[in-house]
Amino acid sequence: MSALTPDTPMKRVAVVGAGPAGLYAAEELVRQDRHRIHVDVLDRLPAPYGLVRYGVAPDHPRIKSITGSLRRILDHPRVRFLGAVALGADVTRQDLLDHYDAVVYAAGAAADRRLEVPGEDLPGSCSATAFVSWYSGHPDAPAPLPLDTERVAVVGAGNVALDLARVLTRPVADLERTDMPEPVLDALRASAVREVVVLARRGPWHARFTPKELRELVGLDGVDLVVDPRQLVPLEGLEPDRTAQTNLRILTEAAQRAPTGAPRRVELRFCARPLRLLGTDRVTGLEIERTTERPGATITGAGERETLTVGAVVRAVGYRGAPLDTVPFDPARGVVPNDKGRVLDADGALCPGEYVTGWLKRGPSGVVGTNKLDSAETVALLLDDLDERRPRRHPDLAGVLDRRGVRPIGLEGWSRIDTAERELGATRGRERTKIADWPTLLRLGKGPHPAREEPEELPWPS
Ligand SMILES: Cc1cc2nc3c(=O)[nH]c(=O)nc-3n(C[C@H](O)[C@H](O)[C@H](O)COP(=O)(O)OP(=O)(O)OC[C@H]3O[C@@H](n4cnc5c(N)ncnc54)[C@H](O)[C@@H]3O)c2cc1C
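For every chain, the first residue of its written sequence is number 1, and the numbers climb from 1 along that sequence. Reporting in this predicted model follows two pLDDT cut-offs: at least 70 for local features of residues, and 80 or more for side-chain atom pairs to be given and counted; totals over whole chains, interfaces and linings ignore these cut-offs and use all residues.

> With reference to specific residues and values, describe the overall build of the protein.
Only DSSP runs of H or I reaching four residues or more are called helices, and only runs of E reaching two or more are called strands; each is numbered from the N terminus. Along the protein, the regular secondary structure elements total 16 helices and 18 strands. For a compact globule of 462 residues, the expected C-alpha radius of gyration is about 23 Å, and the protein comes in at 24 Å, within 12% of that figure. Reported as C-alpha extents along the three principal axes, the dimensions of the protein are approximately 70 × 55 × 45 Å. In this scheme the burial state of a residue depends on its C-beta neighbours within 10 Å: 20 or more other such atoms mean buried, 12 or fewer mean exposed, and anything in between means partly exposed; the C-beta positions come from the backbone. Within the protein, buried positions represent 42% of all 462 residues. It is over C-alpha atoms that the radius of gyration is taken, and the globule rule equals 2.2 Å times the number of residues to the power 0.38.

> I'd love a proper account of the site of the ligand, names of residues and values included.
Residues in contact with the ligand amount to 36 residues; listed here are only the nearest, Gly17, Gly19, Gly50, Gly108 and Gly358. Taken together, the elements giving at least two residues each to the shell around the ligand come down to helix H1 (20-31), strand S2 (36-43), helix H2 (50-54) and helix H7 (159-169). Split by residue class, the shell around the ligand holds 22 nonpolar, 11 polar and 3 charged. All residues are tested the same way: a C-beta atom is placed from the backbone, and lying within 6 Å of a molecule or strand makes the residue near it. Ten residue types, Ala, Val, Leu, Ile, Met, Phe, Trp, Tyr, Cys and Pro, are classed as nonpolar, four, Asp, Glu, Lys and Arg, as charged, and the remainder, Gly among them, as polar.

> Describe in detail the sheet that holds strand S4 (residues 102-105), supporting the description with residues and values.
The pairing criterion is simple: DSSP has to find at least two bridges between the two strands. Within the open sheet, the 7 strands sit side by side as S3-S2-S1-S4-S18-S17-S16. Their pairing is mixed. Because the sheet does not close on itself, it has two edges, and the strands there are strand S3 (79-83) and strand S16 (338-339). Bridging between strand S1 (residues 10-16) and S4 involves 4 bridges; their strand directions are parallel. Residue pairing for S4: Ala14 is matched across the bridge by Val103. For the purpose of contact definition, each residue receives a C-beta atom placed from its backbone, and two residues are in contact when these atoms lie within 7 Å. Helix axes are fitted to C-alpha atoms over the stretch in contact, other axes to C-alpha atoms as well, and angles between N-to-C directions run from 0 to 180 degrees. Across the face of the sheet, helix H13 (residues 370-388) comes into contact with S1, S4, strand S17 (342-344) and strand S18 (350-356) while running at roughly 170 degrees to S4.

> I'd love a proper account of the packing of helix H10 (residues 211-218) against helix H11 (residues 242-256), names of residues and values included.
The axes of two packed helices give the description: the angle between them and the distance between them. The geometry of H10 relative to H11 is characterised by a closest axis approach of 9 Å and an angle of 10 degrees between their N-to-C directions. When the interaxial angle is binned, H10 and H11 end up roughly parallel. On H11, the residues that touch Pro211, Leu214, Arg215 and Val218 of H10 are Thr243, Thr246, Asn247, Ile250 and Ala254. Of the residues contributing to the contact of H10 with H11, the split by class is 5 nonpolar, 3 polar and 1 charged. Working definition: roughly parallel below 35 degrees, roughly antiparallel above 145 degrees, roughly perpendicular at 65 to 115 degrees, and oblique for all remaining angles.

> An account of the nonpolar core is requested, with residue identities and associated values reported.
Of all hydrophobic cores here, the largest spans 58 residues; its most connected members are Val15, Val16, Val41, Val104 and Tyr105. No other element matches H1, which puts 6 residues into this core. Excluding its chain neighbours within four sequence positions, the residues that come into contact with Val16 are Gly22, Leu42, Leu87, Val103, Val104, Tyr105, Ala106 and Ala107. Listed in part, the 54 residues of the second largest apolar core include Val154, Val155, Leu164 and Phe209. Connectivity within a nonpolar core runs through C-beta atoms within 7 Å, and the core itself is a set of buried Ala, Val, Leu, Ile, Met, Phe, Trp, Tyr and Cys residues.

Rendered as structure tokens:
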């Protein structure tokens, strides 16, 4: 039986980040019946869904369709979306602590890990974060690489590296069905890239690809997957886990196939690490070294060096969290320090009323669904703590935003963007074409200014 009565006082919780972790936290907060909770979900972007919109590959529509169930969370009458409101720029940590009974940080891991090798900042070198954001239509992401080169190296051994290799080589006709913005498709149509070399520091038994992604790459029309069978012999004394065994089987079959002469190829190179990027004005090559490893030991350089002639290098060696205003932050791990989701300060003491979930809590690991369990853990503790806290009356954050001239994009505004993207897509026979520029997103999202009674402009990007 519900413990809520009409007199149960309303508690307010702010969730920072409308990605899966933030939205699953909002869902947990409104579906329980111990407290009557109103949730404000803030996001620095006009659009919700975090990396489901701006990370998951555009040619993976099944995973993208998770946005349908995430949208239902935003539709809950006690959930309010405050888009285009950034913690750190538009509101401070203290604002949130003053206006809410509890705050959940769910801002993800938008920064990237570096290779820490010379030449990394040359033009022609970029992070997976930048490249993925660009092809996903993130409004902060201009084209990070000129695709005027035949050969590109991707450094990394996870699914993001495979996403990059696939997007760079698969026939553009396949990508034209996706939600990619038109300028991205134009760049891929004009791309000179014929070969992608994926470099992994360790052997295939340690690769973090999932078999599904690997199979997809192996089976891609118009692309030959090349791997040297000598690299597929597991280390003596090492027992690969089930995923690694499946990956090894897929790779062994691929290695036995003769190249078909397809127009593009992806080479998977294991046990190779980058030493430096070569070039003066832009990347012209990548010096790599073969590595050796023993079970349980760190890898070492084997001394054998080689120079790959490549015109671009993308590093896909991991995402990491970035600091948020004055919220405690562990720069070494790239996360907000926490105990199962309760935020801890630099001395390890609890920060009352502050919580963290998702990639900002545990680092960049797991699939979308992993964040649901993670948010359930965080919210369970938050609710326990709310039992103990005295109810306070809080003014609405909207007052602060108004005084600062920050006009958030609410759910109606996001719906206008959503509709405009669907209509734009329909003109090209697609479900959606993303709008990637700030002015159009803000114009659509904010709609006509309420103070001026102008008719709504036709929401079309040029
Ligand atoms: C390239 C890539 C491909 C992936 N593909 C898959 C896949 O195929 N399948 C799968 O299951 N998982 C996939 N994942 C993993 C999945 O996307 C993550 O598990 C999930 O998105 C993490 O959720 P999150 O909410 O913690 O972070 P995010 O999704 O990053 O959401 C964080 C949100 O916080 C907002 N934010 C950041 N800073 C601020 C601020 N200062 N103020 C206000 N808001 C802020 C951001 O705008 C964003 O909306 C992929 C990840 C990447 C990077």
